[in-house]
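These are the residues of each chain, in order.
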Amino acid sequence: MADNKPAILPAMITMKCPNCRKGHMFVNKSIFPLSGMLQMPEKCESCGQKFELEVGFYYGTGYVSYALSVALYIFNFVWYGVLIGLSYKDNSIFYCLGISTAIVLILQPWLMRFSRVLYLYMFVKYGKGAALKTEE
Ligand SMILES: [Zn+2]
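Please read all numbers here as calculations on a predicted model, not as lab measurements.

Draft legend 1. Geometry of the packing of aromatic side chains. According to the stated counting rule, one finds 7 aromatic pairs in the structure shown. With a centroid separation of 4.9 Å and an interplanar angle of 5°, the aromatic rings of Trp110 and Phe114 are classed as stacked. Taken together, the residues Trp110 and Phe114, both in helix α3 (residues 92-123) and 4 residues apart, mark about one turn of the helix. Lying over the aromatic face of Phe26, Arg113 brings its terminal NZ or CZ to 4.3 Å of the ring centre. The ring of Tyr58 has Arg116 sitting right over it, with the charged end atom 4.5 Å from the ring centre.

Printed below as a string of structure tokens:
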């Protein structure tokens, strides 16, 4: 089984089912239309893994996407500081803050999706699925 096991990182980045790493976790492959960007099929089209393990399962992902946004801010400050340079003597802090905010806002739909992916990957392991109440 380990031979043709798809790698976890590419599977997460392409938002594939954590159980089989083949089926898509989201109905729409792109984030457009934005109103449907978080639409998920009830079950994986490939292996039948349930995506919403219980009602309100994704409630906690708000915190995950918040943490990802903060991490992205820090990351932006680091590369900006290294590539362009941050100084208290000019407006570079404000430019950096503006650019970081723009990047975080633009990536927000993706961050919201990715936090769901992270969340489901924490509960569903490859080839094992998750214990489902309905199947016990
Ligand atoms: Zn699957």
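Still to come is the rest of the account.
Draft legend 2. View of the side chain of Lys16. Relative to the elements of secondary structure, Lys16 occurs in the loop between α1 (8-13) and α2 (61-83). Put simply, Lys16 is tucked away with no salt bridge, and the nearest opposite charge, on Glu45, sits 8.2 Å away. Setting aside its immediate chain neighbours within four residues, Lys16 contacts Ala11, Arg21, Lys22, Gly23, His24, Met25 and Tyr121.

Draft legend 3. Focus on the packing of α2 against α3. Where α2 contacts α3, the two axes come as close as 7 Å, and the packing angle between them is 145°. Crossing handedness for the pair α2 and α3: right-handed. A per-class count over the contact of α2 with α3 returns 19 nonpolar, 9 polar and 1 charged.

Draft legend 4. Representation of the coordination of the zinc ion in the model. Protein-derived ligands of the zinc ion are Cys17 (SG), Cys20 (SG), Cys44 (SG) and Cys47 (SG), with the metal-ligand distances lying across 2.2 to 2.3 Å. Note that the zinc ion binds 4 donor atoms; their angles at the metal cover 108 to 110°, and the shape is tetrahedral. All donors to the zinc ion come from one chain, and their sequence spacing reads C-x2-C-x23-C-x2-C. Placement of the pair is Cys20 in the loop between α1 and α2 and Cys47 in the loop between α1 and α2, with a sequence separation of 27 residues. Among the residues examined, Cys20 registers a relative accessible area of 11% and is labelled buried.

Draft legend 5. Structural context of the nonpolar core. One finds Met25, Phe51, Tyr58, Val117 and Leu120 to be the most contacted residues of the largest nonpolar core, which totals 21 residues. Residue assignment for this core shows that the elements contributing at least two residues are α1 and α3. Ranked by residues supplied to this core, first place goes to α3 with 5 residues. In contact with Val117, not counting residues within four places along its chain, are Met12, Met15, Met25 and Phe26.

Thresholds applied
- Residues numbered from 1 in each chain as written.
- Predicted model: local features only at pLDDT ≥ 70, side-chain atom pairs only at ≥ 80, totals over all residues.
- Heavy atoms only, no water.
- Phe/Tyr/Trp six-rings, centres within 6.5 Å; stacked < 30°, edge-to-face > 60°.
- Helix = DSSP H or I, 4+ residues; strand = E, 2+ residues; numbered from the N terminus.
- Lys NZ or Arg CZ within 6 Å of the ring centre and 35° of its normal.
- Buried < 20%, exposed > 50% of the residue type's maximum accessible area, 1.4 Å probe, protein only.
- Lys, Arg positive; Asp, Glu negative; His and termini not counted.
- Salt bridge = Lys/Arg side-chain N within 4 Å of Asp/Glu carboxyl O.
- Contact = heavy atoms within 4.5 Å.
- Axes fitted to C-alpha atoms, helices over the stretch in contact; angles between N-to-C directions.
- Left-handed = near helix turned anticlockwise from the far one by under 90°.
- Nonpolar A, V, L, I, M, F, W, Y, C, P; charged D, E, K, R; others polar.
- Donors = N, O, S within 2.8 Å, 3.2 Å for Na, K, Ca; no water.
- Tetrahedral: all angles 85-135°; square planar, octahedral: opposite > 155°, others 65-115°.
- Core = buried A, V, L, I, M, F, W, Y, C linked by side-chain atoms within 4.5 Å.

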